[in-house]
Amino acid sequence: MVTAMLSLKVKGKSAPVLIKDEDDNPYVYTGAPFYGFDVHTSVFGISSLFMLLLVVASILYPNEANQILVGMRGWIIEDLDWLFMISANYFVLFCLFLIVMPTGKIRLGGKNAVPEYSTFSWLCMLFASGIGIGLMFWGVAEPVAYYTDWYGTPLGVEAHTPEAARLALVSATYHWGIHGWAVFAMIGLALAYFCYNKGLPFTVRSTLYPILGERCWGGWGSLIDVISSIATVFGLATSLGLGAQQVASGLHHLFGLDNSIATQLAVIAVITVVAMFSIYRGMHGGVRLLSNVNILLALALLAVVFILGPSQILASDVVMTIVGYLQYVVPLSDWIGREDSSWMQGWTVFYWAWWMSWSPFVGLFIAKISKGRTVREFLAATLVIPTLLIGVWMAVMGGTAIDQINNDVGSLSGGLGDVSLALYQMYEGLSFSEILSAVSIVLLVIFFVTSADSGSIVMDSITAGGNVNTPTKQKLFWASIIGLIAGALLYGGGKDALSALQAATVSAGLPFMIILLLMSWGLYRELASDSSRS
């Protein structure tokens, strides 16, 4: 229901207008509902058409589609690695700068705003809907890969040495730590600030209002939202594809089911249906509940592995990882004259591209749940809490695996093979391995559901011009599209499905990186202006 309308003209021409719904939330309006869908017609139409064409192309021409994506990835990480490295470092410094400056006192939603969720639920949703699937997938495989020289070693350290073990845990934490969360925090802060404090629509185009002005509501703004929606789907599809591979590997490990593309597609189909049910339940009954359960389950799993594993060594690994992170963060962030350039391009640059393509999703979602927090509280919690948890996770999971390799225990002692099996192979060296594997599959499924659920909410907001009160069937539509894209990339990649997923992510991360850089400048300008007035 429309209760207010803002007239708007761009250079004398008619343009989409901003209107407000029954809850006084503004969004970009472009016309009457489209077959019952209350959407921004151009953003929704172009985004949907592009994604459906990608699905069709991946099914009809899988080899050609895969070759195009992999070719783009090669060009980006080899020729533009410096740009990704500079940008990721810049976002960290930018967030730290906002924390210590007077801008940190600004409250999202105004001086009298109060948080809608408890701190525990807020942190659970922030983490569970961010990187849960990927952390489960790479929590063992990545440290083992670095330690054994599966595809190079960080800083060219000699494999299978104590220094290699230390750098393996530190580098894995580095890739999942502050740099990635700085990207999420920056876009999340920009969205929350411009929407809650400036009254702009809840969509990515609003964050560039200081640069584009009223043109945000026209063609330029639509282009930004189209790029954002495509980047979001690619980032989501990569994580969901990884999750499907690992769930299928777990089912094969426990029950002997064939770990084929068909099984992985079936996993995606089933979990997409579960995600759609969660969407039907709504934010409070769906995402919040599942996120709380997931974090508690993940912490319990972590504690059990710590107890069953070499506890004394793991306790030392936790301290070593956190201290080592501070020691090596600068060398790992320096891209000039690296002897391990292949490792840096294949791992670090890929991760920075993944986080940037993933950032519209995580940013929009954490902005939605962060009203009432101060800028300082928002940034400090988003940067520090996940990084500490990730450091502990990598130290315990990766440290257990490295200890097994050193003592010739379990399948991992023979080297890293199928990365989707690495977690279950680590469990083989522990008591109650089958129970741990079963719990991990449940954990992956819930992470899968929360990602698909919150991703659908975000996609719906972007393609509806920032409208947050849309029909539920729109969110269900995007849940099905996200599942289709993940399935299509897995099918198109075939045996090289992981490479295809990574290629799609890197390709989407490049254009959105430019948007993020522009966004940061506009955000600082507005925050500084507000801070000086107060």
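Rules used in this analysis
Residues numbered from 1 in each chain as written. Predicted model: local features only at pLDDT ≥ 70, side-chain atom pairs only at ≥ 80, totals over all residues. Heavy atoms only, no water. Helix = DSSP H or I, 4+ residues; strand = E, 2+ residues; numbered from the N terminus. Rg over C-alpha atoms; globule rule 2.2 N^0.38 Å. Buried < 20%, exposed > 50% of the residue type's maximum accessible area, 1.4 Å probe, protein only. Contact = heavy atoms within 4.5 Å. Areas by Shrake-Rupley, 256 points an atom, 1.4 Å probe, with all protein chains shown as cover. Lys, Arg positive; Asp, Glu negative; His and termini not counted. Charge placed at Lys NZ, Arg CZ, Asp CG, Glu CD. Axes fitted to C-alpha atoms, helices over the stretch in contact; angles between N-to-C directions. Parallel < 35°, antiparallel > 145°, perpendicular 65-115°, else oblique. Left-handed = near helix turned anticlockwise from the far one by under 90°. Nonpolar A, V, L, I, M, F, W, Y, C, P; charged D, E, K, R; others polar. Phe/Tyr/Trp six-rings, centres within 6.5 Å; stacked < 30°, edge-to-face > 60°. Lys NZ or Arg CZ within 6 Å of the ring centre and 35° of its normal. Salt bridge = Lys/Arg side-chain N within 4 Å of Asp/Glu carboxyl O. Patch = residues over 30% accessible without salt bridge, like charges linked within 9 Å, V, L, I, M, F, W, Y side chains within 5 Å. Core = buried A, V, L, I, M, F, W, Y, C linked by side-chain atoms within 4.5 Å. pLDDT = per-residue confidence, 0-100. Disulfide = S-S within 2.5 Å. Polar contact = N/O pair within 3.5 Å; in protein donor to acceptor, adjacent residues only side chain to side chain.

### Concerning the overall build of the protein
Here's step 1: A tally of regular secondary structure across the protein gives 17 helices and 5 strands.
Here's step 2: A compact globule built from 534 residues would reach a C-alpha radius of gyration of about 24 Å, and the protein, at 22 Å, matches this within 12%.
Here's step 3: Here the C-alpha coordinates of the protein stretch approximately 75 × 50 × 45 Å along the principal axes.
Here's step 4: In the protein, which comprises 534 residues, the proportion classed as buried is 60%.
Here's step 5: Considering only intrachain contacts with a sequence separation of at least 6, the fraction spanning at least 24 residues in the protein is 81%.
Here's step 6: On the protein, roughly 19,600 Å² of surface is accessible, and the fraction owed to carbon and sulfur atoms is 64%.
Here's step 7: Computed over 24 positive and 32 negative side-chain charges, the separation of the two mean positions in the protein equals 18 Å.

### Examining the packing of helix 5 (residues 132-148) against helix 9 (residues 219-255)
Here's step 1: Put simply, helix 5 and helix 9 touch, their axes get as near as 9 Å, and they point 50 degrees apart. Here helix 5 lies oblique to helix 9, going by the angle between them. Note that helix 5 runs across helix 9; the crossing there is left-handed. Between helix 5 and helix 9, the contacting residues are Ile133, Met136, Phe137 and Trp138 on the first element and Ser239, Leu240, Leu242, Gly243, Gln245 and Gln246 on the second.
Here's step 2: Broken down by class, the residue content of the contact of helix 5 with helix 9 amounts to 6 nonpolar, 4 polar and no charged.

### Notes on the packing of aromatic side chains
Here's step 1: Scanning the entire structure with this criterion turns up 27 aromatic pairs.
Here's step 2: Both rings, one in Trp347 and one in Tyr351, keep their centres 6.5 Å apart while their planes meet at 25 degrees; by these two values the pair is stacked. On the criterion of helical spacing, the pair formed by Trp347 and Tyr351 is a turn pair, its members being 4 residues apart in helix 12 (residues 341-368).
Here's step 3: The exposure class assigned to Trp347 is buried, which follows from its relative accessible area of 5%.
Here's step 4: Plain terms: the ring middles of Tyr351 and Trp354 are 5.9 Å apart, the flat faces sit at 20 degrees to each other, and that makes the pair stacked. On the criterion of helical spacing, the pair formed by Tyr351 and Trp354 is a turn pair, its members being 3 residues apart in helix 12.
Here's step 5: What makes Tyr351 buried here is its relative accessible area of 0%.
Here's step 6: One Lys or Arg, Arg373, reaches over the ring of Trp122 and ends 4.2 Å from the middle of that ring.

### Here we look at the environment of Phe432
Here's step 1: Following the sequence through the fold, Phe432 ends up in the loop between helix 14 (422-427) and helix 15 (433-463).
Here's step 2: For Phe432, a relative accessible area of 57% gives the class exposed.
Here's step 3: Along the backbone, Phe432 and Val304 are 128 residues apart, and their C-alpha atoms lie at a distance of 10.0 Å.

### Points about the pattern of salt bridges
Two side chains with opposite charge may pair up if their charged atoms get near one another.
Here's step 1: Taken as a whole and judged by the stated rule, the model has 6 salt bridges.
Here's step 2: One salt bridge in this structure joins Lys198 and Glu526, with 4.0 Å as the shortest N-O distance. With a gap of 328 residues between them, Lys198 in the loop between helix 7 (178-197) and helix 8 (209-212) and Glu526 in helix 17 (residues 497-533) connect regions that are remote in the sequence.
Here's step 3: A residue is classified by how much of its surface remains accessible, and Glu526, at 21% relative accessible area, is partly exposed.
Here's step 4: Ionic pairing is found between Asp340 and Arg338, a salt bridge with its closest N-O pair at 2.7 Å.

### Here's the deal with a nonpolar patch on the surface
Here's step 1: On the surface, Val56, Ile59, Leu60, Tyr61 and Tyr491 cluster together into a nonpolar patch covering about 510 Å² of accessible area.
Here's step 2: By residue number, the principal contributor to the nonpolar patch is helix 1 (residues 41-60), which donates 3 residues.
Here's step 3: Tracing the backbone through its elements, the reader meets Tyr491 in helix 16 (residues 472-493).
Here's step 4: Residue Tyr491 is classed as partly exposed on the basis of its relative accessible area, which comes to 40%.

### Digging into the nonpolar core
The nonpolar side chains of a soluble globular protein tend to be buried, and buried together.
Here's step 1: Ranked by internal contacts, the top residues of the largest apolar core, which has 172 residues, are Trp138, Tyr351, Met426, Tyr427 and Leu523.
Here's step 2: Counting residues per element, this core draws most heavily on helix 12, at 18 residues.
Here's step 3: Excluding anything up to four places from it in sequence, Tyr427 contacts Leu301, Val305, Met397, Ser433, Leu436, Ser437 and Ser440.

### Quick word on the environment of Ser532
Here's step 1: Summarising the element assignment, Ser532 is placed in helix 17.
Here's step 2: As for Ser532 and Trp150, which are separated by 382 residues in sequence, their C-alpha atoms are 52 Å apart.

### A short note on the confidence of the model for the protein
Here's step 1: Looking at the protein, pLDDT values average 85 and 90% of them are 70 or higher.
Here's step 2: By mean pLDDT, the top-scoring element of the protein is helix 6 (residues 162-176) (97), and the lowest-scoring one is strand 1 (residues 4-6) (39).
Here's step 3: Taken as a whole, residues 1-14 scores under 50 in pLDDT and shows 25 contacts with residues more than four places along the chain or in a different chain.

### Observations concerning the state of the cysteines
Here's step 1: Taken as a whole and judged by the stated rule, the model has 0 disulfides.
Here's step 2: No disulfide involves Cys95; its sulfur sits 17 Å from that of Cys195, the nearest cysteine.
Here's step 3: Here Cys216 is not cross-linked by a disulfide; its sulfur's nearest cysteine counterpart is in Cys195, at 11 Å.

### Topic: the environment of Lys105
Here's step 1: For Lys105, the location among the structural elements is in the loop between helix 3 (81-100) and helix 4 (119-128).
Here's step 2: By relative accessible area, which is 67% here, Lys105 ends up exposed.
Here's step 3: C-alpha of Lys105 to C-alpha of Ser121: the two residues are 16 residues apart in sequence and 23 Å apart in space.

### Some points on the side chain of Ser456
Here's step 1: Residue placement: Ser456 occurs in helix 15.
Here's step 2: A polar side-chain atom of Ser456 sits 3.2 Å from the main-chain amide nitrogen of Ala479.
Here's step 3: Ignoring any residue separated from it by four or fewer positions in sequence, one finds Ser456 in contact with Ile279, Lys475, Trp478, Ala479 and Ile482.

### So, the packing of helix 5 against helix 12
Here's step 1: Closest axis-to-axis distance for the helix 5/helix 12 pair is 14 Å, and the angle between their directions is 165 degrees. The orientation of helix 5 with respect to helix 12, classified from their angle, is roughly antiparallel. Crossing angle aside, the handedness with which helix 5 passes helix 12 is left-handed. Packed against helix 5, whose contacting residues are Gly134, Trp138, Glu142, Ala145 and Tyr146, the element helix 12 presents Trp343, Trp347, Tyr351 and Trp354 at the interface.
Here's step 2: Of the residues assigned to the contact of helix 5 with helix 12, the class counts are 7 nonpolar, 1 polar and 1 charged.

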